[in-house]
Amino acid sequence: DTEVTQTPKHLVMGMTNKKSLKCEQHMGHRAMYWYKQKAKKPPELMFVYSYEKLSINESVPSRFSPECPNSSLLNLHLHALQPEDSALYLCASSQESGTRIAKNIQYFGAGTRLSVL
Amino acid sequence: GIQVEQSPPDLILQEGANSTLRCNFSDSVNNLQWFHQNPWGQLINLFYIPSGTKQNGRLSATTVATERYSLLYISSSQTTDSGVYFCAVPRRYLNTGNQFYFGTGTSLTVIP
């Protein structure tokens, strides 16, 4: 099983709303990732969790708040977003995120399409 | 940082045709993945290929790390091959190993 599950598939929110995106994997992977993808652009890394600890934050605004409650689950809490934050948000996982390259193979979820009005 | 350029940016094929997609990277890498993103946004891992050649059905990939490029071959293309193809290479972060940096992508449309 190489499945990463993301919910919801679509989300529309106002600029004053608070919402959360959820990502789940049951492959025993210890690294999980959030990416943001704008239309016709490649995915851009936002956050990396390794062994449930935040290891990389790519200078993401604080209105995006990640959380890793356990090794299978990754959340992205959204608050006071701007219309330019509308994008496809992708979650991925890999065995590890370190220097053992064979363990870095990433598996992606189907994404959440977010629209901020 | 490392630059990852893909060519061509857009490609339109008749069903049944063959094609070659290219990924050039500006620095030596020890890992490379090819992905297909379908029209609904799902990214599918096609190949993990730091060097050499791999084949999977109608798809094959070759990476020549010493010359800093990788090629993805699609033979007998089908409409389901449509989407965007990305290569991704590691970008080293101090103390935390490698994270992937995606190339510019090739948008493929296969017409019946």
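Please read these numbers as outputs of a predicted model, since none were measured by experiment. (Residues numbered from 1 in each chain as written. Chains lettered and ligands numbered in written order. Predicted model: local features only at pLDDT ≥ 70, side-chain atom pairs only at ≥ 80, totals over all residues. Heavy atoms only, no water.)

Q: Is there a simple way to think about the overall build of chain A in this case?
A: Each helix and strand counted, chain A has zero helices and 11 strands in total. Going from the N terminus to the C terminus, chain A shows its helices and strands as β-β-β-β-β-β-β-β-β-β-β. Taking 117 residues into account, the globule formula puts the C-alpha radius of gyration at 13 Å, and chain A, at 14 Å, falls close to it. Each of the 117 residues in chain A was classed as buried or not, and the buried ones make up 46%. Pairs at least 24 apart in sequence give 55% of the contacts found in chain A among residues at least 6 apart. Surface summary for chain A: the accessible area is close to 5700 Å², and the carbon and sulfur share equals 49%. Once the 14 positive and 10 negative side-chain charges of chain A are each reduced to a mean point, those two points are 4 Å apart. (Helix = DSSP H or I, 4+ residues; strand = E, 2+ residues; numbered from the N terminus. Rg over C-alpha atoms; globule rule 2.2 N^0.38 Å. Buried < 20%, exposed > 50% of the residue type's maximum accessible area, 1.4 Å probe, protein only. Contact = heavy atoms within 4.5 Å. Areas by Shrake-Rupley, 256 points an atom, 1.4 Å probe, with all protein chains shown as cover. Lys, Arg positive; Asp, Glu negative; His and termini not counted. Charge placed at Lys NZ, Arg CZ, Asp CG, Glu CD.)

Q: What's the story with the sheet that holds strand E7 (residues 59-64) of chain B in this structure? I'm lost.
A: Residue and element names in this part refer to chain B. The strand order across the open sheet formed by five strands is E1-E3-E8-E7-E6, and the pairing between neighbours is antiparallel. If you trace the sheet from one side to the other, it starts and ends with strand E1 (4-7) and strand E6 (52-56), each paired once. In this sheet, adjacent strand axes meet at a mean angle of 15 degrees when their direction is disregarded. Sheet topology note: the E7/strand E8 (residues 69-74) ladder contains six bridges and is antiparallel. From the neighbouring strand, Ala 61 faces E8, where its bridge partner is Leu 72. (Pairing = 2+ DSSP bridges. Axes fitted to C-alpha atoms, helices over the stretch in contact; angles between N-to-C directions.)

Q: Explanation requested: the layout of surface pockets in the structure shown.
A: Considering only enclosed or pocket space, the largest pocket measures out at about 530 Å³ in volume. Secondary-structure elements contributing two or more residues to the lining of the largest pocket are strand E9 (87-94) and strand E11 (112-116) of chain A together with strand E9 (83-93) and strand E11 (106-111) of chain B. Among the elements that make up the lining of the largest pocket, the one with the highest residue count is E9 of chain B (three residues). Among the residues making up the lining of the largest pocket, the classes are represented as 10 nonpolar, 10 polar and five charged. (1 Å grid on protein atoms, 1.4 Å probe; cavity = no way out; pocket = protein on both sides within 12 Å on 5 of 7 lines; lining within 4 Å. Points joined across faces, edges and corners; volume = space filled by probe spheres on them. Nonpolar A, V, L, I, M, F, W, Y, C, P; charged D, E, K, R; others polar.)

Q: What's the story with the nonpolar core in this structure? I'm lost.
A: It is characteristic of soluble globular proteins that their nonpolar side chains tend to be buried jointly. If you look at the biggest cluster of nonpolar residues, it comprises 23 residues, and the most contacted ones within it are Trp 34, Phe 64, Leu 76 and Leu 78 of chain A. Elements represented by at least two residues in this core include exactly strand E2 (10-13), strand E3 (18-25), strand E4 (31-37), strand E5 (44-50), strand E7 (64-70), strand E8 (73-79), E9 and E11 of chain A. When near neighbours in sequence (up to four residues on either side) are disregarded, Phe 64 of chain A contacts Met 46, Phe 47, Leu 76, His 77, Leu 78, Leu 81, Asp 85 and Tyr 89 of chain A. Counting residues in each nonpolar core, the second largest holds 22 residues, with Leu 59, Ala 61, Cys 87 and Val 110 of chain B among its members. (Core = buried A, V, L, I, M, F, W, Y, C linked by side-chain atoms within 4.5 Å.)

Q: What is the right way to look at the sheet that holds E7 of chain A in this model?
A: Sheet strands line up and pair through hydrogen bonds in the backbone, either parallel or antiparallel. All names here are of chain A. An order of E1-E3-E8-E7 is seen for the four strands of this open sheet, with the pairing classed as antiparallel. Because the sheet does not close on itself, it has two edges, and the strands there are strand E1 (4-7) and E7. In this sheet, neighbouring strand axes are inclined to one another by 20 degrees on average, regardless of whether the strands run parallel or antiparallel. In terms of strand pairing, E7 meets E8 through five bridges, oriented antiparallel. For Asn 70, the partnering residue across the bridge sits in E8 and is Leu 73.

Q: Where do I start with the state of the cysteines in this structure?
A: Residue and element names in this part refer to chain A. Scanning the entire structure with this criterion turns up two disulfides over all chains. Covalent S-S linkage joins Cys 23 and Cys 91, the inter-sulfur distance amounting to 1.9 Å. Measuring handedness by torsion sign, the sulfur bridge of Cys 23 and Cys 91 sits at about -70 degrees and is left-handed. With Cys 23 in strand E3 and Cys 91 in strand E9, this residue pair connects regions lying 68 residues apart in the sequence. Of the residues examined, Cys 23 reaches a relative accessible area of 0% and is grouped as buried. (Disulfide = S-S within 2.5 Å.)

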